[in-house]
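# Overview (structure and organization)
Below are the chains, spelled out letter by letter.
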Amino acid sequence: MENIAPTPDAAEARAALAEVQAVQRAVRDTPWPTWIYPVNALLLGALALTALVTEHRTNLFLAASATILGVNVGAGYRMGTPWTLPTSRGFLAAVALAGACALGALVVADVTDRTWPVVALAAAATASYLLAGVVHRRSTGRPR
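Analysis parameters
- Residues numbered from 1 in each chain as written.
- Predicted model: local features only at pLDDT ≥ 70, side-chain atom pairs only at ≥ 80, totals over all residues.
- Heavy atoms only, no water.
- Helix = DSSP H or I, 4+ residues; strand = E, 2+ residues; numbered from the N terminus.
- Rg over C-alpha atoms; globule rule 2.2 N^0.38 Å.
- Areas by Shrake-Rupley, 256 points an atom, 1.4 Å probe, with all protein chains shown as cover.
- Buried < 20%, exposed > 50% of the residue type's maximum accessible area, 1.4 Å probe, protein only.
- Polar contact = N/O pair within 3.5 Å; in protein donor to acceptor, adjacent residues only side chain to side chain.
- Contact = heavy atoms within 4.5 Å.
- Core = buried A, V, L, I, M, F, W, Y, C linked by side-chain atoms within 4.5 Å.
- Axes fitted to C-alpha atoms, helices over the stretch in contact; angles between N-to-C directions.
- Parallel < 35°, antiparallel > 145°, perpendicular 65-115°, else oblique.
- Left-handed = near helix turned anticlockwise from the far one by under 90°.
- Nonpolar A, V, L, I, M, F, W, Y, C, P; charged D, E, K, R; others polar.

## A look at the overall build of the protein chain
What the protein chain contains, in helices and strands, is five helices and zero strands. What you see in the protein chain, going N to C, is helices and strands ordered as α-α-α-α-α. Taking 144 residues into account, the globule formula puts the C-alpha radius of gyration at 15 Å, and the protein chain, at 20 Å, lies well above it. With the C-alpha coordinates aligned to their principal axes, the bounding extent of the protein chain is approximately 70 × 40 × 25 Å. Surface summary for the protein chain: the accessible area is close to 9,300 Å², and the carbon and sulfur share equals 66%.

## A word on the side chain of T126
Within the secondary structure, T126 sits in helix 5 (residues 116-139). A residue is classified by how much of its surface remains accessible, and T126, at 17% relative accessible area, is buried. Polar side-chain contacts of T126 include one of 3.3 Å to the backbone oxygen of A41. Non-local contacts of T126, meaning those with residues more than four positions away in its chain, are made with A41 and G45.

## Quick look at the nonpolar core
W32, L44, L47, A102 and Y129 are the most contacted members of the largest nonpolar core, which has 25 residues in total. Considering each element in turn, this core owes the most residues, eight residues, to helix 4 (residues 89-111). Here Y129 is in contact with W32, Y37, N40, A41, L44, F91, V95 and A98, once residues within four sequence places are set aside.

## Notes on the packing of helix 2 (residues 36-49) against helix 5
Packed helices, taken two at a time, are described by the angle between their axes plus the distance between the axes. Close contact between helix 2 and helix 5 brings their axes to 8 Å; oriented N to C, the two are set at 160°. Classed by the angle they form, the pair helix 2 and helix 5 counts as roughly antiparallel. Between helix 2 and helix 5 the crossing geometry is right-handed. Side by side, helix 2 and helix 5 meet where Y37, P38, N40, A41, L44, G45, A48 and L49 of the first sit next to V118, V119, A122, T126, Y129, L130, G133, H136 and R137 of the second. Each residue belonging to the contact of helix 2 with helix 5 can be placed in one class, and the counts come to 11 nonpolar, five polar and one charged.

In structure tokens:
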């Protein structure tokens, strides 16, 4: 197919790229519904607590993981941004910490027979994600 549109000069190209970056940032910083923060926090805590189950641990872990994925992708589709991650570094760091706590609970459960470290890591995962929700909500300019 032939293109008969004029070629943009360097200034027009830079302006167009700046617009694209601004739009991408606006999409990534779209406010999330308020209900998703506590739901994700509870689901991450439940994911960590699957380490305490002796039978069918893998199946429960996969079910909790699929539920987390389904809730987030479903909410993302309803918002029009199903696969985007926010730009807030504080949010991303707190979510990574929550995920590390949840996965750490699985490792700790294999190393020790004690329950309290797993419960503590599950609580830490939940608290970390709740903190991530506060950071994200503030970064998008939504009311507190």
